[in-house]
Each structure stands twice: as structure tokens, then as C-alpha cells.
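Below are the chains, spelled out letter by letter.
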Amino acid sequence: MSVYLQRCMGGVKGSSTTYFKKMTFGCFAPWAALELHRNGAYIAGMNYSAQNTLPFLKMHGLGNDFVVIDGRGDRPVPDMDTVRAMGDRHMGVGFDQLALIMDDADSDALIRFYNTDGSESGACGNATRCVADLLMRELVRDTLVLRTERGLLPCERVGDLIRVNMGQPVEDWAAIPLSRDVDIDALPLQGAPSAVGMGNPHCVVFVEDADAVDATRIGPELENDPLYPERTNVEFIHVLDRRTIRQRTWERGAGITLACGSGACAVAVASARRGLTDRVVTIKLDGGELHLDWRDDGVWMTGPVAYVFDAVWRG
Ligand SMILES: N[C@H](CCC[C@H](N)C(=O)O)C(=O)O
């Protein structure tokens, strides 16, 4: 039976109407396929069981895209092989980060972040904003507090946008972490970049024209430089005026992304630290704009979030 279905599915292009017509006239009745779905039996030659289904959401913030999994209560959570399989843009779902929501006694929820290569990250600003929107809708509130590896992050809805306080930047070289004590605003690397920690490491490279940089070549070189013992995210930027910055990003464990929230925080900090911009800036990323405000209680980041689809992963 699975062979028949496989043949039908191979010939299906487009809508489910075509699919069912083909099934009715070409193979067997649609209710049989629904039954197979219900029983978790054979679909297209693969054995699906109810035990290894994993519901997830696909979301993005400025094209920085995420698989979001709700692991609260006794809901299923992915193992590392599943994270990597889902992250594959050709064979899986594809994401820049996977955000896993977990229960937490002292906040509205705990979030853990995983890169495409399976490595874990202590921070992800855009995924934090996506999860904040999701949970604010669930809780019917306009504010909440999320816990990430770096602590408690207050979040709020501002019109159509979501704002998060990403905390104060880490400026101690050992905590960023760097491998030795150097000037964090003139790193001994090409272009004398700045180092900033936002719960994850960043390398902010000030260039003449961020759009002209060969980010796929220089990005991985800096990502893997021994000065950053845990590798680093890399931001290529140029200042447009005291309140506007252009940023392109190479992310640790994920490569080129259309936006990076923690990176935008690091950029706002590094640029203000050098006296090039004010503490309130708009950052123009490939996927859109983020608004940054470095206040006494932390770096606040505001921007849009979007839902793409929800589905079930069958491992
Ligand atoms: N896209 C994320 C950053 C992910 C950082 C990750 N690539 C790391 O290993 O630190 C953001 O919006 O902040």
C-alpha cells in the first residue's frame, strides 16, 4: 500500500484537490490515507509512529528565521540529531536558530537556542522577541519576562512591534569570552574590530561599505579566530549618521543571516562606545530595521516578528 501512495505523491503537484483526485482515481480512496495518518502507519514508505511526532512553529524576525518548539509540561523536546536534521534547509525545515521553550519557576518561560550546526547559544534577540509575542498572545498580556542563559529579560508589546531588554553588554574580556586581555575596541585582528558580549560573543567590524564586504570569506575566518575561544558572531557595519547604522551579519554556527538581534545590540554598543553614534539608533539589516536604545538598565531592542506556519516534524 505504501508503494501505491508513494507513486501517487510523486505525481502530485499543487493542491490537495489534485492529490485526492489522483488518490481516488489513480490509487485508492482518500479515507484510506486519512486512516493511515490517524493510525500513524505507513505514508510514502516511511513508518511514522505517534511517539516521535514533534509539533513546531516557524517564525521569523526580519528574516532571521526560527523553528519554535514548546517543550513546557511533558511535551516532547528534540534531541540534538533532530535539531540538526530540522535545521537542514534542503532535507529538513531550515532555520537560523531553534528556540526551545521550557518551564521556569521564576519567569514566564525559559528559552534555549540552538544554531543550525547544533551548537547552543546563550542569546538570540530576534527569537526572544518571537517567543515573547507568542507567549504574550497566550497569556493575553502586553508584558512578560523570559529567562535565557544570561538572565531575566523583560519584554513588551509596542504597537505592532515587540521590544526586549537584552541586558547590559559584557565588556570584561574573559567573560565575552576572549582568550586574552586585549583592548576590546581595537582587537588585534584585521580591521581592529570591537568585541562585545550580549550573552553570546560578537565581533563588530567597522568598514567603509558593509555591502562591499566578502562576508562569506571573512566571516568564518573571524568566527574561528583563536582570540574567541568559543567562536564568535561577526557584524560588518558602517555608520550612516549618528542615529543610523548599516549592518550585515555572519553568525556563529549559522552563517549569513538576514538579521541578528543580539548582533544589533552589540553594534549599537560598539558604535556608541567609539563615540560614532548616539545611544539610540536605527540599524538597517538585510531583512529590515531594528531600533536600539542603550539605557541604564540594558540594551532595549524593538522590531517586528512574523508567523510563517505550524507543522509536525515526524522523526
Ligand atoms: N540571530 C540571533 C543570534 C544568534 C547567535 C548565534 N548564532 C550564536 O551562536 O551566538 C539574534 O537575533 O540575536
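The shown structure was predicted, so the numbers you read here are calculated from the model rather than taken from an experiment.

The next thing to look at is the pairing of strand E4 (residues 64-70). The element E4 is largely enclosed, with a buried count of seven among its seven residues. Along E4, one buried face is formed by Asn64, Phe66, Val68 and Asp70 and the opposite face, lined by Asp65, Val67 and Ile69, is buried too. Bridge analysis of strand E3 (residues 53-61) against E4 gives five bridges, and the strand direction is antiparallel. Across the sheet, the residue bridging to methionine 59 is phenylalanine 66, located in E4. Between E3 and E4, which follow one another and run antiparallel, lie two residues, and leucine 62 among them has a positive phi close to 55 degrees. Here five bridges tie E4 to strand E5 (residues 97-102), and the two strands are oriented parallel to one another.

Feature annotation in UniProt places "binding site: substrate" (unreviewed entry) on Asn64, Gln97, Asn115, Gly125, Asn126, Asn200, Asn233, Glu251, Arg252, Gly261 and Ser262, given in this structure's numbering. Inspection of the secondary structure puts asparagine 115 in strand E6 (residues 109-115). In this structure asparagine 115 comes out as buried when scored by C-beta crowding, with 22 C-beta atoms within 10 Å. The contact partners of asparagine 115, leaving out residues within four places of it in the chain, are Gln97, Ser121, Arg252, Gly253 and Ala254. If we skip the residues at most four places from it in the chain, glycine 261 touches Gly61, Asn64, Cys124, Gly125, Asn126, Arg129, Leu290 and Met301.

So, about the nonpolar core. Ranked by size, the top nonpolar core spans 73 residues in total, and within it Val68 and Ala99 carry the most contacts. Top contributing element to this core by residue count: helix H7 (residues 261-273), with seven residues. Here this core gathers at least three residues from each of two domains, domain 2 (53-159 + 305-313) and domain 3 (194-303).

Attention now moves to unusual backbone geometry. Look at the link from isoleucine 176 to proline 177: it is a cis peptide, with omega at -5 degrees. Examined against the element boundaries, proline 177 turns out to sit in the loop between strand E10 (161-165) and strand E11 (194-197). Of note in this structure, leucine 62 is not a glycine but carries a positive phi near 55 degrees. Turning to its location among the elements, leucine 62 is positioned in the loop between E3 and E4. Its identity as a non-glycine residue notwithstanding, alanine 192 has a phi of 45 degrees, on the positive side. One can find alanine 192 in the loop between E10 and E11. When the 12 C-beta atoms within 10 Å are taken as the criterion, alanine 192 is described as exposed.

A separate point is helix H5 (residues 125-139). An ideal rise of 1.5 Å per residue puts 21 Å on 15 residues; H5 measures up with 21 Å between its terminal C-alpha atoms. What H5 keeps buried is the set Gly125, Asn126, Ala127, Thr128, Arg129, Cys130, Val131, Ala132, Asp133 and Leu134. Positive backbone phi, at 50 degrees, marks valine 140, one or two positions downstream of H5.

This brings us to the site of the ligand. Lining the immediate surroundings of the ligand are 20 residues, of which Ser121, Asn126, Asn200, Gly261 and Ser262 lie closest. Sorting the residues of the shell around the ligand by element identifies H5 and H7 as the ones contributing at least two each. Looking at the shell around the ligand, the element that brings in the most residues is H7, giving three residues. Residue composition of the shell around the ligand, grouped by class: four nonpolar, 13 polar and three charged.

With that settled, consider the pairing of strand E12 (residues 201-206). Burial of E12 is extensive: six of the six residues sit out of reach of the surface. Residues Pro201, Cys203 and Val205 point to one face of E12 and His202, Val204 and Phe206 to the other, with burial holding for every one of them. Where E11 and E12 come together, four bridges link them in antiparallel fashion. Across the sheet, residue glycine 197 finds its bridge partner in E12, namely proline 201. Where E12 meets strand E13 (residues 233-241), five bridges bridge the pair, whose relative direction is parallel. Looking at the pairing, histidine 202 lines up with asparagine 233 of E13. Regarding the hand of the β-α-β motif, the stretch spanning E12, helix H6 (residues 215-223) and E13 is right-handed.

What counts, and where the lines are drawn
Residues numbered from 1 in each chain as written. Predicted model: local features only at pLDDT ≥ 70, side-chain atom pairs only at ≥ 80, totals over all residues. Buried ≥ 20, exposed ≤ 12 C-beta atoms within 10 Å, placed from the backbone. Helix = DSSP H or I, 4+ residues; strand = E, 2+ residues; numbered from the N terminus. Pairing = 2+ DSSP bridges. UniProt positions renumbered as here; feature names shortened; annotations may be inferred. Contact = placed C-beta atoms within 7 Å. Core = buried A, V, L, I, M, F, W, Y, C linked by C-beta atoms within 7 Å. Domains from an automatic or database assignment. Expected span 1.5 Å × (residues − 1). Near = placed C-beta within 6 Å. Nonpolar A, V, L, I, M, F, W, Y, C, P; charged D, E, K, R; others polar. Right-handed = clockwise from strand over helix to strand, strands pointing away.

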